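# What the coordinates show
Read off the chains here:
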Amino acid sequence: MLKERLKEIDLRITELADYLQISRPTMYKFIDYYDTRNFDLINRKVLRLFNYITENELAGKKNVVNYILTNLVEIKELGSDEEQDTLKKVRKFLASNPKSKKCQFIDICTQTDAYDDIVYFLVDIYPLLRKKNLSDEEKSLLVKFKEIKSQIKNN
């Protein structure tokens, strides 16, 4: 039952285990317990998530991930204040814009490394966008960025 619901919302069991920071075999065990109604053998947080997934017919993958981030992941697990602040911003953005292209991109970036080169490029040039005195190398990076941006706008 729960396995079919996870397939419906396109959420792989391996992904779910990763989000919850538990092993895949443990996740399978919890799902089996849930389907056989052995709720007392399931971690309370995981049980709350399973109930959320099965009781909310309109919940999709993004809603489930948002639920995990909002209700199950402890921010204090992260080391630095900077990491905590970043996670708070990401959670707030995901919660307020779940269907946006940025959310779709963030989701894709968490599942593949196909865009890593582009992301690294964008991160590198971001500080240059406001910098006044640029080196020749920095200028060439910005020229590439402006060309790409122009091509995207013209399509």
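For the structure, see preceding data.
Keep in mind it's a predicted model, so treat the numbers as computed, not measured.

## Structural notes on a nonpolar patch on the surface
A cluster of nonpolar residues, Phe105, Ile108, Tyr115, Ile118 and Leu122, forms a patch on the protein surface that exposes about 400 Å² of accessible area. When residues of the nonpolar patch are traced back to their parent elements, those giving at least two are helix H7 (101–111) and helix H8 (116–125). One can find Phe105 in helix H7. Among the residues examined, Phe105 registers a relative accessible area of 33% and is labelled partly exposed.

## Examining unusual backbone geometry
In the Ramachandran plot, Gln21 falls in the positive-phi region, its phi being about 60° despite a non-glycine side chain. What makes Gln21 exposed here is its relative accessible area of 60%. In the Ramachandran plot, Arg37 falls in the positive-phi region, its phi being about 65° despite a non-glycine side chain. As for its position among the elements, Arg37 is in the loop between helix H3 (24–35) and helix H4 (44–55).

## A look at the pattern of salt bridges
Taken as a whole and assessed by the stated rule, the structure comprises 3 salt bridges. The salt bridge involving Arg5 is made with Glu8; its shortest N-O contact spans 3.1 Å. Of the two residues, Arg5 and Glu8 are both situated in helix H1 (residues 2–8); the distance of 3 residues between them amounts to about one turn of the helix. Judged by its relative accessible area of 61%, Glu8 falls in the exposed class. Two residues, Lys61 and Glu15, come together in a salt bridge whose shortest N-O distance is 2.9 Å. Residue Lys61 is located in helix H5 (residues 61–72), and its partner Glu15 is located in helix H2 (residues 13–20); the two are separated by 46 residues in the primary sequence. Each member of the pair Lys61 and Glu15 is classed as buried.

## Here's the deal with the packing of H4 against H5
Direction vectors running N to C along H4 and H5 enclose 150°, while the axes themselves pass 11 Å from each other. It follows from the interaxial angle that H4 and H5 lie roughly antiparallel. The chirality of how H4 crosses H5 is right-handed. Along its contact with H4, which presents Lys45, Arg48, Leu49, Tyr52 and Ile53, the element H5 presents Asn63, Val64, Tyr67, Ile68, Asn71 and Leu72.

## A look at a negative patch on the surface
On the surface, a cluster of negative charge is contributed by Asp81, Glu82, Glu83 and Asp85. With respect to the helices and strands, the residue Asp85 is situated in helix H6 (residues 81–96). Using a relative accessible area of 41% as the deciding quantity, one classes Asp85 as partly exposed.

Calculation notes
- Residues numbered from 1 in each chain as written.
- Predicted model: local features only at pLDDT ≥ 70, side-chain atom pairs only at ≥ 80, totals over all residues.
- Heavy atoms only, no water.
- Patch = residues over 30% accessible without salt bridge, like charges linked within 9 Å, V, L, I, M, F, W, Y side chains within 5 Å.
- Areas by Shrake-Rupley, 256 points an atom, 1.4 Å probe, with all protein chains shown as cover.
- Salt bridge = Lys/Arg side-chain N within 4 Å of Asp/Glu carboxyl O.
- Helix = DSSP H or I, 4+ residues; strand = E, 2+ residues; numbered from the N terminus.
- Buried < 20%, exposed > 50% of the residue type's maximum accessible area, 1.4 Å probe, protein only.
- Axes fitted to C-alpha atoms, helices over the stretch in contact; angles between N-to-C directions.
- Parallel < 35°, antiparallel > 145°, perpendicular 65-115°, else oblique.
- Left-handed = near helix turned anticlockwise from the far one by under 90°.
- Contact = heavy atoms within 4.5 Å.
- Lys, Arg positive; Asp, Glu negative; His and termini not counted.
- Charge placed at Lys NZ, Arg CZ, Asp CG, Glu CD.

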